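# Results of the structural survey
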Amino acid sequence: MNPYSNAAHAASFPQEGNPRETEAWALTEAARRMASASRGEPEGMRESLRLNWKLWTIFQADLIGKAEAGEATETVVNMLSLCQFVDFHTVAALTEPDAAKLEVLVNINRNIASGLRDSLAREAREAAEAAGTPDPAAAAAPAGAYAPAPGVAHTPISATA
């Protein structure tokens, strides 16, 4: 067992009241579980796939509700297409689980989570600029640089070696 996993896991819970942050956390957690399971037995892979599938089913239901309510933006339509891909790919991976199939889903989850976190950071910067207060986080990190999610403790790898 990784001695850092429990501390990192506990520090990564999302703040209440922010659905996008919660979604990003859930996607990241499902990706972490699939990545971990991909190094193990097929039943562990299936379990992590089922968890991820449940998560994507929740997203899909929410997106269908938005589409039916007349909120079918380009993003909603694109996400529904991605949900369909995740459905088909998950069924294939459940049938014949292997690490390569899980990796596709892990990458999708991580990329969507990253996009959600980027949009949250952009909104925070814009709100700070509108209020006339500088955003210290934006000044500290150059554009495109890695930054852990808000509230997540980050220890550089060099400090642990």
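Quick caveat: nothing in here was measured; it's all calculated off a predicted structure.

## What about the confidence of the model for the protein?
Overall, the predicted model of the protein reaches an average pLDDT of 82, with 74% of residues at or above 70. Segment residues 138-149 is flagged for pLDDT under 50; beyond a separation of four residues in sequence, or across chains, it makes 4 contacts in the model. Counting interchain partners and residues more than four positions distant, the pLDDT-below-50 stretch residues 151-161 has 8 contacts.

## A word on the nonpolar core
Ranked by size, the top nonpolar core spans 25 residues in total, and within it Leu27, Met34, Leu49, Leu55, Trp56 and Phe59 carry the most contacts. Looking at this core, the elements that each hand over two or more residues are helix 2 (19-37), helix 3 (42-68), helix 4 (74-95) and helix 5 (99-131). Examining the composition of this core, we find that 7 residues originate from one element, helix 2, more than from any other.

## With respect to the layout of surface pockets
Here the second largest pocket is characterised by a volume of approximately 400 Å³. Its residues assigned to classes, the lining of the second largest pocket shows 7 nonpolar, 4 polar and 4 charged.

## With respect to the pattern of salt bridges
A full pass over the atoms with the stated rule returns 6 salt bridges. Arg32 is the partner of Glu29 in a salt bridge, and the nearest nitrogen-oxygen pair spans 2.5 Å. One end of the pair is Glu29 and the other is Arg32, both in helix 2 and 3 residues apart, which spans about a single turn. Between Asp62 and Lys66 there is a salt bridge, with the nearest N and O atoms lying 3.8 Å from each other. Placement of the pair is Asp62 and Lys66 together in helix 3, with a separation of 4 residues, close to one helical turn.

## Observations regarding the side chain of Ser38
Relative to the assigned elements, Ser38 resides in the loop between helix 2 and helix 3. A relative accessible area of 18% means that Ser38 is categorised as buried. Residues in contact with Ser38, not counting those within four places in the same chain, are Met45, Ala99 and Leu102.

## What to know about the packing of helix 3 against helix 5
Contact pair helix 3 / helix 5: the axes reach a minimum separation of 12 Å and the direction vectors enclose 35°. Where helix 3 crosses over helix 5, the two elements pack in a sense that is left-handed. Listed contacts from helix 5 to Met45, Ser48, Leu49, Asn52 and Trp56 of helix 3 are Ala99, Leu102, Leu105, Ile108, Asn109 and Ile112. Here the residues of the contact of helix 3 with helix 5 are counted per class, giving 8 nonpolar, 3 polar and no charged.

## A word on the packing of aromatic side chains
Taken as a whole and judged by the stated rule, the model has 1 aromatic pair. With 5.5 Å between their ring centres and 85° between their planes, Trp56 and Phe59 make a pair best called edge-to-face. Here Trp56 and its partner Phe59 are both found in helix 3, 3 residues apart, which amounts to about one turn of the helix. The class of Trp56 is buried, set by a relative accessible area of 0%.

## Points about the packing of helix 3 against helix 4
Contact geometry for helix 3 and helix 4: axes closest at 9 Å, N-to-C directions at 155°. Comparing the axis directions of helix 3 and helix 4 gives the class roughly antiparallel. As helix 3 runs across helix 4, the sense of the crossing is left-handed. Each of Arg46, Leu49, Arg50, Asn52, Trp53, Trp56, Phe59, Gln60, Leu63, Ile64, Lys66 and Ala67 in helix 3 lies in contact with helix 4, whose residues at this interface are Val76, Met79, Leu80, Leu82, Cys83, Val86, Asp87, Thr90, Val91, Ala93, Leu94 and Thr95.

Rules used throughout
- Residues numbered from 1 in each chain as written.
- Predicted model: local features only at pLDDT ≥ 70, side-chain atom pairs only at ≥ 80, totals over all residues.
- Heavy atoms only, no water.
- pLDDT = per-residue confidence, 0-100.
- Contact = heavy atoms within 4.5 Å.
- Core = buried A, V, L, I, M, F, W, Y, C linked by side-chain atoms within 4.5 Å.
- Buried < 20%, exposed > 50% of the residue type's maximum accessible area, 1.4 Å probe, protein only.
- Helix = DSSP H or I, 4+ residues; strand = E, 2+ residues; numbered from the N terminus.
- 1 Å grid on protein atoms, 1.4 Å probe; cavity = no way out; pocket = protein on both sides within 12 Å on 5 of 7 lines; lining within 4 Å.
- Points joined across faces, edges and corners; volume = space filled by probe spheres on them.
- Nonpolar A, V, L, I, M, F, W, Y, C, P; charged D, E, K, R; others polar.
- Salt bridge = Lys/Arg side-chain N within 4 Å of Asp/Glu carboxyl O.
- Axes fitted to C-alpha atoms, helices over the stretch in contact; angles between N-to-C directions.
- Left-handed = near helix turned anticlockwise from the far one by under 90°.
- Phe/Tyr/Trp six-rings, centres within 6.5 Å; stacked < 30°, edge-to-face > 60°.
- Parallel < 35°, antiparallel > 145°, perpendicular 65-115°, else oblique.

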